[in-house]
Amino acid sequence: MRIALGIEYDGTAYHGWQFQEHCISIQACVDAAISRVANHPVRSTCAGRTDAGVHALQQVVHFDTEAKRTEYAWIMGINSALPDDIRIIWAVSVPASFHARNSAIARSYRYCILNRRVKPALDRHRLCWFYKPLDETLMQSGTQYLIGEHDFTSFRSAGCQSNSPFRRIYTIDVSRKDDCIWVSIIGNAFLHHMVRNIIGVLLEVGSGQHEPQWVDQVLKARDRKAAGITASSSGLYFSGVYYPNEFGIKKNREFNALPDSVKRVEIS
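Nothing here was measured: the structure is a model prediction, and the numbers come from that model.

Chemist: Residue-level account of the pairing of strand β5 (residues 106-115), with values.
Modeler: The side chains of a regular strand alternate between the sheet's two faces. Across the 10 residues of β5, 9 count as buried, placing the element largely inside the fold. Looking at chain direction, β5 and strand β10 (residues 236-242) are connected through 6 bridges and run antiparallel. Bridge pairing in β10 places Arg110 opposite Tyr237. Where β5 and strand β9 (residues 180-187) come together, 8 bridges link them in antiparallel fashion. Bridging from a neighbouring strand, Ser108 pairs with Ile186 of β9. For β5 and strand β6 (residues 128-130), the ladder comprises 3 bridges, and the chain directions are parallel. Residue pairing in the sheet places Asn115 in a bridge with Phe130 of β6.

Encoded structure:
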């Protein structure tokens, strides 16, 4: 039996999702909790590995088991064995053909920027503080150059292990509510540090250091040195994964913005 889980977590205390020998990871906690309920060792597979300090609104994982449990029993049993900053929010039985990473059509991230002169006392580990005034309209204008399939070499980390720098961005939306600016990005997949490097470039545009057209120059340079800073991990949230309907995975409302051509994609 293959089970898929939806997970939310605060990544502040962890060295990222992936299991590491000498560091505490989210995967280590999740796999230990699943193994306890399944009564056998389990190694899960996730939709997208998150870095140290990055959070998730809905990470998706799958694992295989011979244990027979109800979906409710998986949720309650695993949560009882997890720390308070990690929670299973749903569980569903899926076909053996489902793969949390390979079956995904699109992934979404959200980034939260607190834009005011004073550092935050609350939620300081779950947002990025930027004291210079930001123009979210300019930031949105800069995003137009990133839509579509491109070589994102300028936005990948030096340690990125992907074989190809090409990724497709479907939508980017920049919105403000009071002092908070949210950037929502949906793409087919993302390179290491790609979202945080995009945010770093948009911060320079929004603060008036560069015109929106500079984003296009950075993209075409295909050189990480041409871009800006890597924004803080604390403001980044892995917010959801889009799968073909056949798998029965609940979709976030933000995926309504996806083009119909993407929604119709089926995984063979």
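Chemist: Let's hear about helix α4 (residues 194-206): which residues, and what values?
Modeler: Between its first and last C-alpha, α4 extends 18 Å over 13 residues, near the 18 Å set by a 1.5 Å rise per residue. Of all the 13 residues making up α4, 13 are buried; the element is thus mostly covered by neighbouring parts of the structure. In the stretch just after α4, Gly208 is the one whose phi turns positive, near 85°.

Cut-offs used in this document
- Note that residues are indexed from 1 along each chain, following the sequence as it is written.
- Side-chain atom pairs in this predicted model are given and counted only at pLDDT of 80 or more, local residue features only at pLDDT of at least 70, and totals for whole chains, interfaces and linings cover all residues.
- To get the side-chain values, take all heavy atoms of the structure and skip hydrogens and water.
- For each residue, the accessible area found with a 1.4 Å probe, counting protein chains only, is set against the maximum for its type, and the residue is called buried under 20%, exposed over 50%, and partly exposed in between.
- Strands are runs of DSSP state E lasting at least two residues, helices are runs of H or I lasting at least four, and both sets are numbered from the N terminus onward.
- The pairing criterion is simple: DSSP has to find at least two bridges between the two strands.
- In this analysis, the expected span of each helix is defined as 1.5 Å times one less than the number of residues it contains.

What is shown is where atoms sit, not what they do.
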